[in-house]
Amino acid sequence: MPFPPVLLLLLLGACCPTLAQSHQSGYQIALFNRITSDAKQASDAATPALLDALQQQDFQTDLLACCPSIANYSAQQLLQLLHDEISVTEVVTGFPGTQLGNVWWDFSLTEAAASNFSATTLENQWEVAVKHSTDFNFSWAGIQDDVETQIYGLKAFSHRGTPASIEEAHERGVYNIVNTARVDMGSVLYGDVSAVLSREYIGRMTLLSAVDTGGWTYMCNSTDPKSPYQVDCDGYQFALGTLGHLDHLILANTRFWQGQSSLASVFARLVRPWGVNRILGKALPTYWEAVPAGELVFPDAVHFVIGSFVALFGTNTGRLLQQWCTRWGWVLVWSLGLNLNQDPNFC
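All values derive from a computational prediction rather than experimental measurement.

### Here we look at empty space enclosed by the protein
Part 1 of the reasoning: One pass over the structure, following the stated rule, counts three cavities of 30 Å³ or more.
Part 2 of the reasoning: Considering only enclosed or pocket space, the largest cavity measures out at about 110 Å³ in volume.
Part 3 of the reasoning: Lining the largest cavity are 16 residues, and of these Ile177, Asn179, Ala181, Leu284 and Tyr287 lie nearest its centre.

In structure tokens, the structure reads:
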């Protein structure tokens, strides 16, 4: 006798992992569930302060200047609009077209082409390094390991800064930005290629920080902190969020970045049409950082790919990019990006 449809759905939901969970370890699933619970509490607790900020006179003045069509919205309506826009904002990882230098660390098209495009995951930095027997005897390896274990809570290696196996490296994640600046290149600071991730795929595995953890380390937590920016190092205490629980990240981000970002500028970039806002270089590093606690398996994890027209179009590397996208059935979009003829100054 066949199961009644409703009972069958209940049984399937109880026995079968979600798309994300099928590519997560038990540790990663437990970590995400714990952080989700904490993030919901933190987000709910932050909502009243966020609503109050949306009613402040300085914000209302800026809102009228940028977005007069919604200037009469209530704070609750504005918050709902903000949530709606964030829910469809791209989560993007950027990487170089070619391998940089002699140290294998970042994923690149060189890495993808080395396997004749047969590699089935977007590898994190530790996975790339282990595959190529990289010597981890450099200071940043230990620092990044500390960030990932102490801030994100990811599973520790047997030895600090040195994964003993590819299985240990699998426990870490790929770094992404949440493209709140609405930059057409996606992750414009981190390479000539951006992979826009599938929200459906990463929704049940992604951890969010209000600021870039590497930038925070460099500017706030080193023995000789240096920064070209005015930041409030105490403005964010690393209460993590998820794509579903993030109200506490919004004001924490603006507190940390002070003059580089404000609630009004974030709101304007998100709710106005693409291409309308003038994007200053100093605003580009003010994104939220996103780290999926799980593997990004092709083709499902990637929604589409963006290539730098200026750097790659018509080149051998550009052709590799086309081959990679054809192999996995992804749409390839070309972007002018920053379109500069010189090194950018983001200060």
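Here the narrative resumes.
### Quick word on the packing of helix H2 (residues 26-53) against helix H11 (residues 247-257)
Part 1 of the reasoning: Following both chains from N to C, one finds H2 and H11 inclined at 55°, their axes separated by 6 Å at the closest point. In terms of orientation, H2 lies oblique with respect to H11. For the pair H2 and H11, the contacting residues are Ala39, Ala42, Ser43, Ala46, Thr47, Ala49, Leu50 and Ala53 in the first and Asp247, His248, Ile250 and Leu251 in the second.
Part 2 of the reasoning: The residue inventory of the contact of H2 with H11, partitioned by class, reads eight nonpolar, three polar and one charged.

### Quick word on the nonpolar core
Part 1 of the reasoning: Counting 79 residues, the largest nonpolar core has Leu122, Leu296 and Trp324 as its most contacted members.
Part 2 of the reasoning: With residues up to four places along the chain from it excluded, the contact list for tryptophan 324 reads Phe95, Phe107, Leu109, Ala112, Phe117, Leu122, Phe298, Val305 and Trp330.
Part 3 of the reasoning: Ala181, Met185, Val196 and Ile306 belong to the second-largest nonpolar core, a separate cluster that totals eleven residues.

### Remarks on the layout of surface pockets
Part 1 of the reasoning: Taken as a whole, the largest pocket holds about 990 Å³ of empty space.
Part 2 of the reasoning: Contributing to the lining of the largest pocket are 38 residues, with Gln125, Tyr175, Tyr190, Asp212 and Tyr287 lying nearest its centre.
Part 3 of the reasoning: At the level of secondary structure, the elements contributing two or more residues to the lining of the largest pocket comprise strand S1 (91-95), helix H7 (139-151), strand S2 (176-178) and helix H10 (213-220).
Part 4 of the reasoning: Broken down by element, the lining of the largest pocket gets its largest block of residues, five residues, from H10.
Part 5 of the reasoning: In terms of residue class, the lining of the largest pocket is made up of 22 nonpolar, twelve polar and four charged.

Definitions and limits used
Residues numbered from 1 in each chain as written. Predicted model: local features only at pLDDT ≥ 70, side-chain atom pairs only at ≥ 80, totals over all residues. Heavy atoms only, no water. 1 Å grid on protein atoms, 1.4 Å probe; cavity = no way out; pocket = protein on both sides within 12 Å on 5 of 7 lines; lining within 4 Å. Points joined across faces, edges and corners; volume = space filled by probe spheres on them. Axes fitted to C-alpha atoms, helices over the stretch in contact; angles between N-to-C directions. Helix = DSSP H or I, 4+ residues; strand = E, 2+ residues; numbered from the N terminus. Parallel < 35°, antiparallel > 145°, perpendicular 65-115°, else oblique. Contact = heavy atoms within 4.5 Å. Nonpolar A, V, L, I, M, F, W, Y, C, P; charged D, E, K, R; others polar. Core = buried A, V, L, I, M, F, W, Y, C linked by side-chain atoms within 4.5 Å. Buried < 20%, exposed > 50% of the residue type's maximum accessible area, 1.4 Å probe, protein only.

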